[in-house]
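Descriptive structure summary
What follows is the residue order along each chain.
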Amino acid sequence: MSRVWDASESTMSRRGLFRFRMYIAGDALNSAQALANLDALCRAHLPDRHEVEIIDVFREPKLAMTDGIFMTPTLVKIAPPPIRRIVGTLSQTQRVLQALGLPT
Amino acid sequence: MRSNGPNRLPVSEEANAAVASLIATLHQIEQRLETLTGGEVDTVSDRDGRTILLRRAQDHLRHQEAAKQAAILNALPAQIALLDSHGRILSVNEAWTRFSQANAVCGLGSGVGTNYLEICDRASGEDASDAHQLADGIRSVLGGGVTSYSLEYPRHSLPELHCYLSTVTPLTDDAASGAILMRRDVTAERRATDSLLASELQFRQLAENIREVFWLTDAAKTSQLYVSPAYEEIWGRSCQSLYASPHDWIDAIHPEDRERVRRADQTQQASDEYVEEYRIIRPDGTIRWIRNRAFPIFRKGEVYRIAGLAEDITERRESERLAYYDGLTGLANRLLFIDRVAQHLRAAASAGHKSALFVIDLERFKNINDSLGRPTGDLLLRQVAQWLTRNAGDASLVARIDADHFALVLPKVTYEGDVVRLIEKSMAAFLNHPFELNDTVYRIAAKVGVALFPDDGTDADTLFRNAEAAVKKAQVSGDQYLFYASKMTDTVAGSLGLENDLRQAVDKGEFVLHYQPKVNLVSGKLTGAEALIRWNDPRTGLVPPGRFIRILEDTGLIRQVGRWALQSALAEHLRWRSAGVTAPRIAVNVSALQLRSRSFVADIEQIIGGTPNAAAGLELEITESLIMEDVRHSVVTLQAIRAMGVSIAIDDFGTGFSSLSYLSKLPVDTLKIDRSFVIDMATGADGVTLVSVIISLAHALNLKVVAEGVETEEQLQQLRLLNCDEMQGYLFGRPVPGAIFESRYLASR
């Protein structure tokens, strides 16, 4: 099962939209931290132009397998291309921004 | 199951070493993973997608889960304790701890580690039995006997009385693993419930002990929400049956009332209060009268229920019935009858037709009652009521208004002649009807008085009074029925007082006879005397006959007074005879009632029987019209009297309508010309001729002629010329008392 965090689609510019998929392990500490960091980062740098799908590997292990995810927490940037994967709690904001191709 | 399990081999040193090395490898790998991922990773998956949870994450999740559960338990107001299989407290929530600390002084301290079962077992005082019961409950849950146990109990040992509900459930499916004990303070709930119960109890005590039926339905009256037990008593049906089938309420109503109630229900606004009265039929067939009052109950401006009170008013109805009906015959009484007549008259007035009201008097009823006894009299009255009802065709037209008086109303009369025909036909039928009393057949005669609407009265009361007056008149006359004539009212009303006075006058002997002389027209000598009755009223003096004769006749007193007059006149004659004076024959007037009486001849015989030749002293004066009413009977009676030697005179001749053929057959001696003819002689030749013809006629029939009311010398001369035999009048002498008559007219021999 997946949850979607999003801004209102009607006001959002489809061109600048960042689509993420976050793989977590239930309420485990690192996963919870990763979610919190992602939330803060999106609000600061991608207001109104992000979409996050959250996948709990305990609940949907097959989906993680299909996507080739071997560790949690893992953030996957689906759009805009190229696809990027970031493993960890996303606590080093500068490096995460660089990896996502956003200005630091 | 096999009794012997497989032998366990001792674990070798080798194997132990291998396991230890594997664990060491796992730790190393985990440490390396931690290092590689900087401690930031929670899980790692293998090639097959199997997720391995790293220890850090495992610990974290475990702690978080425990914290959540603790928080939930601590947030609960209920006191919760985890017991092991021996009843030892393993864990408690904060509510439990707070309670234990607060009540430690009361000896209820029960922290972790203490044995709750032992605490309960040790309890003493007022709460002991509840505590022991709770311990038993916990043991049965721990023993697997039951899967849940609850007990509600008061705690008297606390500073304030509190109520607790303890619930025990097994910790896991395996009861032996322990139990959860949850204790809740339900004091406030209990109070609310108690007061609800108390008010419910009060309501029930009220509803179930009143004799009225209290009921409650929904607004549409389709479902019965409540009915009090009095329903079973009054309706004879169970409350349950009404709940199951609310339509029973309507079905139980008497078929004659059901439609009316249903219609009223339909036209009734649900928001109206209403009262209805109707009969119900109980399953045993008995009928009860119900008075049902309904009140709407509003909520938010809408009717949402209807409450009602139904009571058994059979007894009240019965007493009302007694007020309007005659208990003996079941007919309407006077009160109800007049009410019904008033309704008929309103209808007659608006339709413009006549109505007739009859009052019926049973003749000789008193005799039947006196001689056969009252039960027999009652039996007759019931039979008469049945006869009248059958002949009227409708019981509501008939009433019993008095001991032996019935009344009947004919709501529509087209021709008055129909009424006469109806009465004659009905009375003949009534007279012929065999009333069987004590195995004997009786024929009963009746008298009827009739009053017509609107001729004899335009309201029920007047019409009724006038019909009564008519029957009263019929009672004393020879008529079997009489119509009310408007002038009759005055006579009856005005004469009631006089009637009483006259009855007393008869008893006290206040009547006297005065005598008027009759003289021979040629010789001028006294030939006889007419006895005239006077009433010597001690208050007013002499009362002339015109004032009271009619009432004597109406009341029947004339029989007594007439007989007295005959006796007195004869006694006077005999006195004169014995006094040695020329005693003239004395004429006495005879009334209709006397003449019709069967005993009249015998009476005369008795009066004259005591003295020899007494008949020669008596003459009877009978009016022409009276004789002509029933000529045959008159002839027989007069012949018998005349045979005794009493002479007969036709009084007031010329005013009746006798034919010559009858006159020749009448056994009479004298013909008295009415005073009106004597007066008319002065008006011309015709008057004289008429008197002349009468005198010639009388002489041709060998009758003596007496002219009445002669007052002038001229009349005297004319009558003399016409060969009239005798005269009577003021010219010769007024009526005077016997003593004066004797001294004035009678010469001693």
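Analysis parameters
Residues numbered from 1 in each chain as written. Chains lettered and ligands numbered in written order. Predicted model: local features only at pLDDT ≥ 70, side-chain atom pairs only at ≥ 80, totals over all residues. Helix = DSSP H or I, 4+ residues; strand = E, 2+ residues; numbered from the N terminus. Buried ≥ 20, exposed ≤ 12 C-beta atoms within 10 Å, placed from the backbone. Contact = placed C-beta atoms within 7 Å. pLDDT = per-residue confidence, 0-100. Pairing = 2+ DSSP bridges. Axes fitted to C-alpha atoms, helices over the stretch in contact; angles between N-to-C directions. Nonpolar A, V, L, I, M, F, W, Y, C, P; charged D, E, K, R; others polar. Core = buried A, V, L, I, M, F, W, Y, C linked by C-beta atoms within 7 Å.

Another point: the overall build of chain B. When helices and strands are counted, chain B shows 28 helices and 29 strands. For chain B, buried positions account for 29% of its 749 residues. Restricting the contact set of chain B to residue pairs at least 6 apart, pairs at least 24 apart contribute 55%.

Attention now moves to the overall build of chain A. Broken down by element type, chain A carries three helices and six strands. Start at the N end of chain A and walk to the C end: the helices and strands fall as β-β-α-β-α-β-β-β-α. Out of the 104 residues belonging to chain A, those deemed buried represent 28%. Within chain A, contacts between residues at least 6 apart in sequence are counted, and of these 71% link residues at least 24 apart.

So, about the confidence of the model for chain A. It should be kept in mind that the predicted coordinates are not to be read in detail where pLDDT is low. All names here are of chain A. On average, chain A scores 80 in pLDDT, and the residues at 70 or more come to 86%. The secondary-structure element of chain A with the lowest mean pLDDT is strand 1 (residues 2-6), recorded at 45, while strand 2 (residues 18-24) shows the highest, at 91. Segment residues 1-13 is flagged for pLDDT under 50; beyond a separation of four residues in sequence, or across chains, it makes 18 contacts in the model.

What follows covers the sheet that holds strand 10 (residues 274-281) of chain B. Residue and element names in this part refer to chain B. Here five strands make up an open sheet; going across it, the order is 9-8-12-11-10 and the pairing antiparallel. Bordering the open sheet on either side are strand 9 (224-227) and strand 10, each of which pairs with just one other strand. Looking at each pair of strands side by side, their axes are set apart by 25° on average, direction ignored. Where strand 8 (residues 213-218) and strand 9 come together, three bridges link them in antiparallel fashion.

So, on to the interface of chain B and chain A. Where interface size is quoted, it is often the accessible area lost as the parts come together. Across the boundary between the two partners, chain B contributes 16 residues, which contact 20 residues of chain A. For the side of chain B that touches chain A, the secondary structure elements donating two or more residues are strand 1 (43-45), strand 2 (51-53) and helix 2 (55-75) of chain B. By residue number, the principal contributor to the side of chain B that touches chain A is helix 2 of chain B, which donates five residues. Partitioned by chemical class, the residues of the side of chain B that touches chain A number five nonpolar, eight polar and three charged. In this sheet, strand 1 of chain B lies alongside strand 4 (residues 71-72) of chain A in antiparallel orientation, the contact comprising two bridges.

Residue and element names in this part refer to chain B. Judged by nonpolar contacts, the single largest core of 65 residues is most densely connected at Ala 531, Ala 569, Val 588 and Met 727. The element that contributes the greatest number of residues to this core is helix 19 (residues 557-579), accounting for six residues. The contact partners of Ala 531, leaving out residues within four places of it in the chain, are Leu 513, Tyr 515, Ala 565, Ala 569, Ile 586, Ala 587 and Val 588. Judged by nonpolar contacts, the second largest core, of 49 residues, contains Val 341, Ala 407, Leu 408 and Phe 453.

Right, let's get into the sheet that holds strand 14 (residues 398-402) of chain B. All names here are of chain B. Here we have five strands laid out as an open sheet, ordered 14-15-13-18-19, and mixed in their pairing. Each edge of the sheet is formed by a strand with only one pairing partner; in this case those strands are strand 14 and strand 19 (481-483). The sheet shows a mean angle of 25° between the axes of neighbouring strands, direction not considered. Relative to the sheet, helix 12 (residues 334-351) contacts strand 13 (354-362), strand 14, strand 15 (405-413) and strand 18 (446-453), its axis offset from that of strand 15 by approximately 10°.

This next bit is on the pairing of strand 24 (residues 618-623) of chain B. Residues and elements named next belong to chain B. For strand 24, the buried fraction is high: five of the six residues fall into the buried class. Note: strand 23 (residues 585-589) against strand 24, four bridges, orientation parallel. If you follow Ala 587 over to strand 24, its bridge partner there is Glu 619. Examined bridge by bridge, strand 24 and strand 25 (residues 647-653) share five bridges and lie parallel to one another. For Thr 623, the partnering residue across the bridge sits in strand 25 and is Asp 651.

The subject of this paragraph is the pairing of strand 6 (residues 162-170) of chain B. Residue and element names in this part refer to chain B. Pairing geometry for strand 5 (residues 149-155) and strand 6, over seven bridges, is antiparallel. Of the residues in strand 6, the one forming a bridge with Ser 150 is Thr 167. Sheet analysis places strand 6 next to strand 7 (residues 179-185), joined by seven bridges and oriented antiparallel. Across the sheet, the residue bridging to Pro 170 is Ala 179, located in strand 7.

This brings us to the environment of B:Cys163. Residues and elements named next belong to chain B. The residue Cys 163 is located in strand 6 in this model. Look at Cys 163 and you get partly exposed, because 17 C-beta atoms sit within 10 Å. As a C-alpha pair, Cys 163 and Ala 188 span 25 residues in sequence and 8.4 Å in three-dimensional space.

A cis geometry characterises the amide bond from A:Thr72 onward to A:Pro73, with omega recorded as -5°. The residue B:Lys300 is not glycine, and still its phi comes out positive at about 55°. With respect to the helices, strands and loops of the structure, B:Lys300 is situated in the loop between strand 11 (287-299) and strand 12 (302-312). Despite not being glycine, B:Asn702 shows a phi value in the positive range, around 60°. With respect to the secondary-structure elements, B:Asn702 resides in the loop between helix 26 (685-700) and strand 27 (704-707).

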